[in-house]
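Fold and geometry: a report
Okay, here's what each chain looks like letter by letter:
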Amino acid sequence: MGAGHARYITDSVDGAVVTAFFDLDAARMDALAKELSAKSGATINLHSSVDALVNDPTVDAVIICSPDGLHPEHLELCVKAKKPTLCEKPLAPRLEDAKKIAEIVKASGVPVALGFMRRFDPGYVQMKKEIQSGKYGEVIQIRAVSRNVSSPGATTAGMISNSAVHEFDIARWLLEEEFTTVSVAYAKKTSHANPDIQDAISILAHTESGVLMTVDNCANSTYGYDVRVEVLMQNGSLALNNLGDLTISFDFDLPARKSGRLHDNWIGRFTDAYIGELRAWVASIKDGVVNPNLATVDDGIAASIACEKGIASL
Ligand SMILES: NC(=O)c1ccc[n+]([C@@H]2O[C@H](COP(=O)([O-])OP(=O)(O)OC[C@H]3O[C@@H](n4cnc5c(N)ncnc54)[C@H](O)[C@@H]3O)[C@@H](O)[C@H]2O)c1
């Protein structure tokens, strides 16, 4: 994900340039630095600690793409150095840690955004417009599918805190309400997963107003990156399909959907969303005007509250 963000900044975001990296994998860092400085002409400093990176005078802002459990520690170092930060989701894998780091971030006053990029995906943006248009009545149910091709390090709790956290965030953003109950049901285990994890699962969640959301989550689908959602409304069904096209079933019309090859992973499916998110984040730092679609630490806490309820039901 870090390489993805660095490439998007270099190729598609005006007003920002990559000037430094830190990763434990020195060879990976070196290869990416060579690739990107050849394009941008900028020198990219390679560091051996987060502390050194955040105190590099060429660094005005930081993107954290380390593994989930390191986000609180790395975020604390960024805000101590007063560097505006985009931290990949989740705020932390467990709610208790998310709350602690949220307090530190808020006390620092340093702007921090979270990487819930679906808020910038053209399909989800269009879906929100359709929901709010009033044409289809109220939302009554959400049926989401989220399947990764392969997730060697996944855990059952991680399928919720690392993966389904996206569904909680985007549903909160679409509906503008919170989740009150979350439970998890197990499917038969796929033989493609480590036998210690319960892959696949279905998550059942209710919002304050009674909308039911189900999320079919699979960490090792093998057949392709398959992320889609149907929002059932009183008078129609909005479907954001596998390849990102939004189709609406209304008045007995069933529109054609995009067909073709599934993506390997999130990078291909959500390219526009990552670029939109990065442009909004860079603009918010340069102009000091926060884009309301950028996820905040409060959004991170709200998503973590929902995830924690799901984890408690395992
Ligand atoms: N928003 C999204 O759509 C999205 C998609 C994928 C991943 N993510 C998030 O991005 C983060 C990274 O995920 P990934 O898939 O790129 O994982 P990854 O394992 O491919 O990459 C993690 C990188 O962190 C480095 N690293 C490990 N420990 C470190 C440390 N102590 N200090 C510095 N670097 C360290 C590793 O060497 C590796 O290069 C995770 O938090 C994940 O949840 C978000």
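Residues numbered from 1 in each chain as written. Predicted model: local features only at pLDDT ≥ 70, side-chain atom pairs only at ≥ 80, totals over all residues. Heavy atoms only, no water.

Stated formally: UniProt positions are given in the numbering used here, feature names are shortened, and annotations may be inferred rather than shown by experiment.
If you check an unreviewed UniProt entry, the protein chain appears there as Myo-inositol 2-dehydrogenase / D-chiro-inositol 1-dehydrogenase from Candidatus Planktophila lacus. Per its UniProt entry, the protein chain bears the Sequence similarities (unreviewed entry) comment "Belongs to the Gfo/Idh/MocA family."

**With respect to the UniProt feature "domain: GFO/IDH/MocA-like oxidoreductase" (unreviewed entry) in the protein chain**
Keep this limit in mind: Note on conventions: DSSP H or I runs of at least 4 residues are helices, E runs of at least 2 residues are strands, and numbering of each starts at the N terminus.
Those residues carrying the UniProt feature "domain: GFO/IDH/MocA-like oxidoreductase" (unreviewed entry) are residues 124–238 in this numbering. Taken end to end, residues 124–238 has its terminal C-alpha atoms 10 Å apart, with 25% of it in helix and 37% in strand.

**Structural notes on the site of the ligand**
Heads up, the condition is: Only heavy atoms are used to decide nearness, and a residue is near a molecule or strand if one of them lies within 4 Å of it. A 3.5 Å cut-off defines polar contacts: any pair of N or O atoms within that distance qualifies, except that in protein one atom must be a possible hydrogen donor and the other a possible acceptor, and neighbouring residues in sequence count only when both atoms are side-chain atoms. Method for areas: the Shrake-Rupley scheme with a 1.4 Å probe, in which residue coverage is limited to the protein chains shown.
The local shell around the ligand holds 21 residues, among which Met1, Asp23, Arg28, Asp68 and Tyr274 are the closest. Met1 places a main-chain nitrogen or oxygen 2.8 Å from an oxygen atom of the ligand. With respect to the ligand, the side chain of Tyr274 contributes an N or O atom lying 2.6 Å from an oxygen atom. In the complex, the protein chains occlude 77% of the 840 Å² of accessible area that the ligand would expose alone. Elements supplying a minimum of two residues to the shell around the ligand: α4 (71–80) and α7 (156–175).

**Focus: the domain arrangement of the protein chain**
Definition in use: Reported domain spans reflect what an automatic or database domain assignment gives. Only heavy atoms enter the contact rule, under which two residues are in contact if any of them lie within 4.5 Å. The buried area of a pairing is the accessible area, by a 1.4 Å probe, that goes missing from both parts when the two are put together, added over both.
Along its sequence, the protein chain is carved into domain 1 (2–117 + 278–295) and domain 2 (122–264). Its C-alpha centre places domain 1 at a distance of 28 Å from the equivalent point of domain 2. In this assembly, eight residues from domain 1 lie in contact with six residues from domain 2. In total, domain 1 and domain 2 occlude about 670 Å² of area from one another, counting both sides; carbon and sulfur atoms represent 55% of this.

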